[in-house]
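Here is what each chain is made of, one letter per residue.
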Amino acid sequence: MRADAVGGAAPQAVEALARAHRLKPWELAPWLAAIAAYFLFPSYLPLGAQILIAILFTLSIDLILGYAGIVTLGQSAFFGAGAYTAGLLAAHGWGEPISGLAAAAAVAGLLGLASGAVILRTRGLSLLMLTLVIAEMLQEAANKAGDITGGADGLQGMEVWPLLGHFEFGLFGRTAYVYCLVVLFLLWLVARRIVHSPFGRSLTGIRENEARMHAIGSPVFRRRLVIYAFAAALSGIAGALLAETTQFVGLDSLGFERSGSALIMLIIGGVGRLYGPFIGVPLYMVAQDRFAQADPVYWDFWIGLLLIIVVVFARGGLLGLAERLLRRRGRKP
Amino acid sequence: MSAALETRGLCKNFGALAVANAIDFRLERGARHALIGPNGAGKTTFVNLVTGALRPSAGRILIDGGDVTALPQAQRVKRGLARTFQLNTLFRGLSVLENVCLAIGERLGVAGDMHRPAGSRRIVIDEAYAALERLGIADEARRPVRELPYGRQRLVELAVALGLEPKVLLLDEPAAGVPSAESGVIVDIIESLPADIALLIIEHDMDLVFRLARRITVLVQGAVLVEGTPQEIAGDARVREVYLGERA
């Protein structure tokens, strides 16, 4: 052991940890794929933009569930809050898209901070129910406030200005796709930075063993609240992107189905992995687009079956499975 | 001079059940003190009260003369109080090295940093690795804790607590679950800890208690029965009856 310390093992273990945050070549793969998709599937760009938005939304859930271990079924509360913020601004004379995102992030983030300060005092099932309740409450409020939100008919009359005063959000969705891609990329960079920061590592510690985090002097509640509010802001931006690119906001933006399906996509891709959403979301949404057309009745059945298989046989999702296979190959050279 | 750790009239009731009953306790600086007692005597409750995992029903807790009764766990850790757990309480999915890094990061006050990558603070990682070397588990540094044999995990349990550089260290059955052939390593490490750390060892194993402790407190049904040197405790008739007598 002592000899190792002087020789190889010491630098190896320490170096590996010191290098963990460096960008690896394969991390560029999703972005190259997204850029390639722009040129290869020009008629699918509106679907592409939806996928990018869903990735951002799912990434926000991954940050709190996968890293901090906060279970939630109500992330759509923040998605919807962001969507209505950008939507209402655009419907009332301020259609500038980027400041719309900023406003949505602020509103959703504050909502996350306020609700988190209350509900994050609970754990497990209670917390799950409370997240659900908050989303339901917001949806009902939006339904009742029909004068402002348009209620069940959705918010009408949004006028989103050209991006950077120049690029119209056209029918073919080119601007929308590139806009969503750039926003997702920038926020992914921020999320990646957080995940690899000491703060991000401490979130993982909270997920792995909260009792021990208390025992090493970590302000667990504050850490959980900060990431909850941050993830809420990310969700709000995702909602605002949807509002701006489709020029419409419906009550479903606050609905449970959005939170639930994002959770399924995350589980399929791999929870607690920064790239889980990048695998699970496109797979789910492309499959949904294909299968739902061919066989709309059984779509839910097939996705349910896939989910069961992943949960039973591929803990850690498809990424977890790939990781295990790679490691097994590495052991047997 | 104030004690490293002190409790005055510490009580904890769960309904009608008093699991801690007016416990007056002093842990001197640099002490090697053991807390013993039969199953259900309230030893672990006492640890949870002292660390802040449980709120007392009455009484006060002082660290280094300062009242910490109202402080949350994290604040007490900042005052120099650390603990290990009877059952391994570790970050099982993280590497051994990272387990210790988390503790050191918290101690150095850098753990809330959201901007710099954790890996860029070599000082934290180097210190963690040096700690693993001292405990003889540096060769496991990269392995996830859950892959380690239980006995090796007990050493990580110690390494995480020591990463906090505590002034008061509560060891809750440090050798629990470890085969007797391996527990010697743990005892050796505890014996070689810096003399200025006040140690409180909560233990079942009498051999270990008499080897490590210079003072012993016997807890029975949530109250202090007697306190004294190992010789006094070994010769005490009441202790023999309630505690040692059980084993004879």
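From a predicted model like this one, the values you see are computed outputs, not experimental measurements. (Residues numbered from 1 in each chain as written. Chains lettered and ligands numbered in written order. Predicted model: local features only at pLDDT ≥ 70, side-chain atom pairs only at ≥ 80, totals over all residues. Heavy atoms only, no water.)

> Hey, could you go over the overall build of chain A for me, with residue numbers and the actual values?
Each helix and strand counted, chain A has 16 helices and zero strands in total. Since a compact globule built from 333 residues should have a radius of gyration of about 20 Å, the 21 Å found for chain A is in line with a globular shape. In terms of overall dimensions, chain A has a C-alpha envelope of 75 × 45 × 45 Å along the principal axes. Within the span of chain A, comprising 333 residues, buried residues form 50% of the whole. Restricting to contacts in chain A with at least 6 residues of sequence separation, those with at least 24 account for 80%. A total of about 15,600 Å² of accessible surface is found on chain A, and carbon and sulfur atoms cover 68% of it. (Helix = DSSP H or I, 4+ residues; strand = E, 2+ residues; numbered from the N terminus. Rg over C-alpha atoms; globule rule 2.2 N^0.38 Å. Buried < 20%, exposed > 50% of the residue type's maximum accessible area, 1.4 Å probe, protein only. Contact = heavy atoms within 4.5 Å. Areas by Shrake-Rupley, 256 points an atom, 1.4 Å probe, with all protein chains shown as cover.)

> Go over the pairing of strand E7 (residues 168-172) of chain B, please, and point to the residues and values.
When a strand is regular, its side chains alternate between the sheet's two faces. Residue and element names in this part refer to chain B. Extensive coverage of E7 is indicated by the burial of five of its five residues. Taking every second residue as pointing to the same face, both faces of E7 are buried, with Val 168, Leu 170 and Asp 172 on one and Leu 169 and Leu 171 on the other. Strand direction decides the pairing type here: strand E6 (residues 81-84) and E7, joined by four bridges, are parallel. Pairing of Thr 84 across the sheet is with Leu 171, part of E7. With five bridges connecting them, E7 and strand E8 (residues 198-202) associate as parallel partners. Looking at E8, one finds that Leu 170 is bridged to Leu 200. (Pairing = 2+ DSSP bridges.)

> Outline the environment of Asn 39 of chain B, listing residues and values.
Residues and elements named next belong to chain B. When you line up the elements, Asn 39 lands in the loop between strand E3 (32-36) and helix H1 (43-51). Taking the C-alpha atoms as reference points, Asn 39 and Ala 130, 91 residues apart in sequence, are found 37 Å from one another. Side chain to side chain, Asn 39 and His 204 meet in a polar contact 3.0 Å long. (Polar contact = N/O pair within 3.5 Å; in protein donor to acceptor, adjacent residues only side chain to side chain.)

> Quick rundown of the domain arrangement of chain B? Include the residues and the values.
Residue and element names in this part refer to chain B. Taken as a whole, chain B is organised into domain 1 (1-80 + 166-248) and domain 2 (89-165). Spacing between the C-alpha centres of domain 1 and domain 2 amounts to 26 Å. In this complex, domain 1 contributes 18 residues to the contact, which on the side of domain 2 involves eleven residues. In total, domain 1 and domain 2 occlude about 1,100 Å² of area from one another, counting both sides; carbon and sulfur atoms represent 73% of this. Among the residues domain 1 hides against domain 2, the three largest losses belong to Pro 166, Ile 186 and Ile 189. Together they make up 38% of the total. At the junction of domain 1 with domain 2, the criterion picks out two residue pairs in polar contact (both at pLDDT 80 or more). (Domains from an automatic or database assignment. Buried area = accessible area lost by both parts, 1.4 Å probe.)

> An account of helix H4 (residues 122-135) of chain B is requested, with residue identities and associated values reported.
Residues and elements named next belong to chain B. The end-to-end C-alpha distance of H4 is 20 Å, a good match for the 20 Å that 14 residues give at a rise of 1.5 Å each. Within H4, the full set of buried residues consists of Val 124, Ile 125, Ala 128, Tyr 129, Ala 131, Leu 132 and Leu 135. Buried residues of H4, viewed axially, fall in a sector of 155 degrees; they line one side. The outward face of H4, more than 90 degrees from its buried face, is lined by the exposed residues Ile 123 and Arg 134. Gly 136 sits one or two residues past H4 and shows a positive phi near 75 degrees. (Expected span 1.5 Å × (residues − 1). Arc of directions from axis to C-beta.)

> Quick rundown of the sheet that holds strand E4 (residues 58-63) of chain B? Include the residues and the values.
Residue and element names in this part refer to chain B. If you walk across this open sheet you meet the four strands as E2-E1-E4-E5, and the pairing is antiparallel. With one partner strand each, in any of the chains shown, strand E2 (17-27) and strand E5 (66-67) form the two edges of the open sheet. Of the pairings in the sheet, the one linking strand E1 (residues 5-14) to E4 comprises five bridges and is antiparallel in character. Across the sheet, residue Arg 8 finds its bridge partner in E4, namely Arg 60.

> Give a detailed account of the pattern of salt bridges, specifying residues and quantitative values.
Under the defined criterion, the tally for this structure stands at 31 salt bridges over all chains. A salt bridge links Glu 140 of chain A to Lys 144 of chain A; its shortest N-O distance comes to 3.0 Å. With a gap of four residues between them, Glu 140 of chain A and Lys 144 of chain A both fall in helix H7 (residues 124-144), about one helical turn apart. What makes Lys 144 of chain A exposed here is its relative accessible area of 66%. Here Asp 113 of chain B and Arg 121 of chain B are joined by a salt bridge, their closest N and O atoms 3.1 Å apart. A residue is classified by how much of its surface remains accessible, and Arg 121 of chain B, at 16% relative accessible area, is buried. Here the residues in one salt-bridge network are Asp 139, Glu 140, Arg 143, Glu 147 and Arg 152 of chain B, joined through shared partners. (Salt bridge = Lys/Arg side-chain N within 4 Å of Asp/Glu carboxyl O.)

> Before we move on, can you summarise the layout of surface pockets with the specific residues and values?
Residues and elements named next belong to chain A. Taken as a whole, the second largest pocket spans an internal volume of roughly 760 Å³. In terms of lining, the second largest pocket is formed by 32 residues, of which the most central are Glu 257, Arg 258, Ser 261, Met 265 and Gln 288. Counting only elements with at least two residues in the lining of the second largest pocket, the list comes to helix H4 (45-67), helix H5 (76-91), helix H12 (220-246), helix H13 (256-269), helix H14 (276-294) and helix H15 (299-313). With eight residues, the top contributor of residues to the lining of the second largest pocket is H13. (1 Å grid on protein atoms, 1.4 Å probe; cavity = no way out; pocket = protein on both sides within 12 Å on 5 of 7 lines; lining within 4 Å. Points joined across faces, edges and corners; volume = space filled by probe spheres on them.)

> Would you mind going over the sheet that holds E6 of chain B in detail, with residue names and values included?
Residues and elements named next belong to chain B. Spatial ordering of the open sheet is given by E6-E7-E8-E3-E9-E10, a layout of six strands whose pairing is mixed. Edge positions in the sheet fall to E6 and strand E10 (223-228), since each of these pairs with one other strand and no more. Direction aside, neighbouring strands of the sheet carry axes that sit 20 degrees apart on average. Those strands touched by H1 are E3, E6, E7, E8 and strand E9 (215-220), and its axis lies near 145 degrees from that of E6. (Axes fitted to C-alpha atoms, helices over the stretch in contact; angles between N-to-C directions.)

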